[in-house]
Amino acid sequence: MILTLAYSEKAFAIENSLDETERQRAASFRFAYLRDAYVFAHAFKRRVLSYYFPLKKTSEWSFYRTSSGKPFIQENIAFNLSHSAESVAVALAQSSDECAIGVDVECYKDMDDLESMIDMVCHLDEKSLLEVCADRQASFFCLWTAKEALLKANGSGLVDNLSQINCAPSLLNREPYGLPWQGDQYRLQSFHFPWGVISLAWRERLSVSDIQLVDWTSGAPITEVNGMKN
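All of the points below concern the structure found in this document. Position numbers for residues count from 1 along each chain, tracking the sequence in the order it is written. The model is predicted, so local features are restricted to residues of pLDDT at least 70 and side-chain atom pairs to those at 80 or more, both for listing and for counting; the totals for chains, interfaces and linings are taken over all residues. The side-chain values count all of the structure's non-hydrogen atoms but skip hydrogen atoms and water molecules.

## So, the state of the cysteines
Logical step 1: Only a pair of cysteine sulfur atoms within 2.5 Å qualifies as a disulfide here. A complete count under the given rule lists zero disulfides for this structure.
Logical step 2: Free cysteine Cys 142: the closest other cysteine sulfur is in Cys 167, separated by 8.5 Å.
Logical step 3: You can call Cys 142 buried: its relative accessible area is 0%. Each residue is placed in one exposure class: buried if its accessible area under a 1.4 Å probe, protein chains only, is under 20% of its type's maximum, exposed if it is over 50%, and partly exposed if it falls in between.

## Quick notes on a nonpolar patch on the surface
Logical step 1: Like-charged residues within 9 Å of one another, or nonpolar side chains (Val, Leu, Ile, Met, Phe, Trp, Tyr) within 5 Å, are grouped into patches, provided each residue has over 30% relative accessible area and no salt bridge. The method behind every accessible area is Shrake-Rupley, applied with a 1.4 Å probe, and residues are considered shielded solely by the protein chains displayed. Within this document, salt bridges are pairs made up of a side-chain nitrogen of Lys or Arg and a carboxyl oxygen of Asp or Glu, the two lying within 4 Å of each other. A cluster of nonpolar residues, Phe 31, Tyr 33 and Leu 34, forms a patch on the protein surface that exposes about 320 Å² of accessible area.
Logical step 2: Topologically, Phe 31 is positioned in the loop between α1 (20-27) and α2 (32-52). Numbering of helices and strands starts at the N terminus; helices are DSSP runs of H or I of at least 4 residues and strands are runs of E of at least 2.

## Some points on the packing of α1 against α2
Logical step 1: Angular values range over 0 to 180 degrees, each being the angle between N-to-C directions of two axes fitted as lines to C-alpha atoms, with helices fitted over their stretch in contact. Where α1 contacts α2, the two axes come as close as 8 Å, and the packing angle between them is 160°. By the angle between their axes, α1 is roughly antiparallel relative to α2. Contacts from Glu 22, Arg 25, Ala 26 and Ala 27 in α1 reach Arg 35, Tyr 38, Val 39, His 42, Lys 45 and Arg 46 in α2.
Logical step 2: When residue character is reported, Ala, Val, Leu, Ile, Met, Phe, Trp, Tyr, Cys and Pro are called nonpolar, Asp, Glu, Lys and Arg charged, and the others, Gly included, polar. A per-class count over the contact of α1 with α2 returns four nonpolar, one polar and five charged. If an angle is under 35 degrees, it is roughly parallel; if it is over 145, roughly antiparallel; if it lies from 65 to 115, roughly perpendicular; otherwise it is oblique. Throughout, a residue-residue contact means that at least one pair of heavy atoms, one from each residue, lies within 4.5 Å.

## Re the pattern of salt bridges
Logical step 1: What the rule picks out here adds up to eleven salt bridges.
Logical step 2: For Arg 46, the salt bridge goes to Glu 22, with nearest N and O atoms at 2.9 Å. Note that Arg 46 is positioned in helix α2 and Glu 22 in helix α1, a separation of 24 residues in sequence.
Logical step 3: Its relative accessible area of 0% is what places Arg 46 among the buried residues.
Logical step 4: One continuous salt-bridge network, built from bridges that share partners, spans Asp 19, Glu 22, Lys 45 and Arg 46.

## Looking at the sheet that holds strand β6 (residues 101-107)
Logical step 1: Only strands joined by at least two bridges in the DSSP assignment are considered to pair. Reading across from one edge, β6-β9-β8-β7 is the order of the four strands in this open sheet, with antiparallel pairing throughout. Each having just a single partner strand, β6 and β7 (177-181) make up the two edges of the open sheet. Averaged over all pairs of adjacent strands, the angle between strand axes in this sheet comes to 25°, irrespective of strand direction.
Logical step 2: Pairing analysis gives eight bridges linking strand β8 (residues 184-193) to strand β9 (residues 196-203), with the strands arranged antiparallel. Bridging across to β9, His 192 finds its partner in Val 197.
Logical step 3: Seen against the sheet, helix α5 (residues 136-154) touches β6, β7, β8 and β9 and runs at an angle of roughly 150° to β6.

## Brief notes about the packing of helix α3 (residues 114-121) against α5
Logical step 1: Two numbers describe how α3 lies on α5: the axes approach to 11 Å, and their chain directions differ by 40°. Considering how the two elements wind past one another, α3 and α5 form a crossing that is left-handed. Residue-level inspection shows Leu 114, Glu 115, Met 117, Ile 118 and Val 121 of α3 in contact with α5, the latter providing Arg 136, Gln 137, Phe 140, Trp 144 and Lys 147.
Logical step 2: A breakdown of the residues in the contact of α3 with α5 according to their chemical character gives six nonpolar, one polar and three charged. By definition, turning the near helix anticlockwise from the far helix through less than a right angle yields a left-handed crossing, and turning it clockwise yields a right-handed one.

## Comments concerning the packing of aromatic side chains
Logical step 1: Each Phe, Tyr or Trp ring, with Trp reduced to its six-membered ring, pairs with another whose centre is within 6.5 Å; inter-plane angles below 30 degrees give stacked pairs, above 60 give edge-to-face pairs, and intermediate values give tilted ones. Applying the stated rule across the entire model yields 16 aromatic pairs.
Logical step 2: Considering the side-chain rings of Phe 193 and Trp 195, the 5.1 Å spacing of their centres and the 10° angle between planes classify their relative orientation as stacked.
Logical step 3: Using a relative accessible area of 13% as the deciding quantity, one classes Phe 193 as buried.
Logical step 4: Of the aromatic side chains, those joined through ring pairs into one cluster are Phe 12, Phe 40, Phe 44, Tyr 51, Tyr 52 and Trp 216.

## Some remarks on the pairing of β8
Logical step 1: Across the ten residues of β8, seven count as buried, placing the element largely inside the fold.
Logical step 2: In this sheet, β8 lies alongside β7 in antiparallel orientation, the contact comprising five bridges. Counted as the bridge partner of Leu 179 is Tyr 186 from β8.
Logical step 3: Once β7 ends, the chain turns through two residues before running back antiparallel as β8, passing Gln 182 with a positive phi of about 50°.
Logical step 4: A loop of two residues connects β8 with β9, the two strands running antiparallel in sequence.

Set out below in structure tokens:
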């Protein structure tokens, strides 16, 4: 099975295809930049779904939530959305498993509380590796997104014991690795860009054979194959 990761570094012109619930949510943001980021992310989500699964127009998708609050759709398509500033990422694959996939994107930014965050959320193995990383802050973002992607795949949301989740392999190489969580087995992989990092998590039984990276920053999809863009 191919798992698709569609992303955009920044917002581009896109049709506002949001439904009434999403429009109300967008209107609730006090600041325009947060409202604009929300609208773009959810319009992008709809465009990506219709591009890879053209059974519906962008405005026709209906979204539901699991008992833990994770969004899903009823078309046997597993997906997950994340956005940070103007950047957005959507992971999707053909599956009826609502908790098959998780994705998290973070744009690099200066953190005044970096050391306290490391102490609070990092496993001992992660802290040891951070001591020898050339870019301590970027490496922390890699760990943070890996943990978030795992929790989003599982549908549990943020938990208090983040330091018990050991994502140290994310800093050792850029290959997928296994990690057990709440009685299930997941695979994780992080992707690094000059502007930030995106981490993916998926249930091992999804049997992912390949991850297709698709850069939508130009407003049109550019697929990366073996590090090359076509």
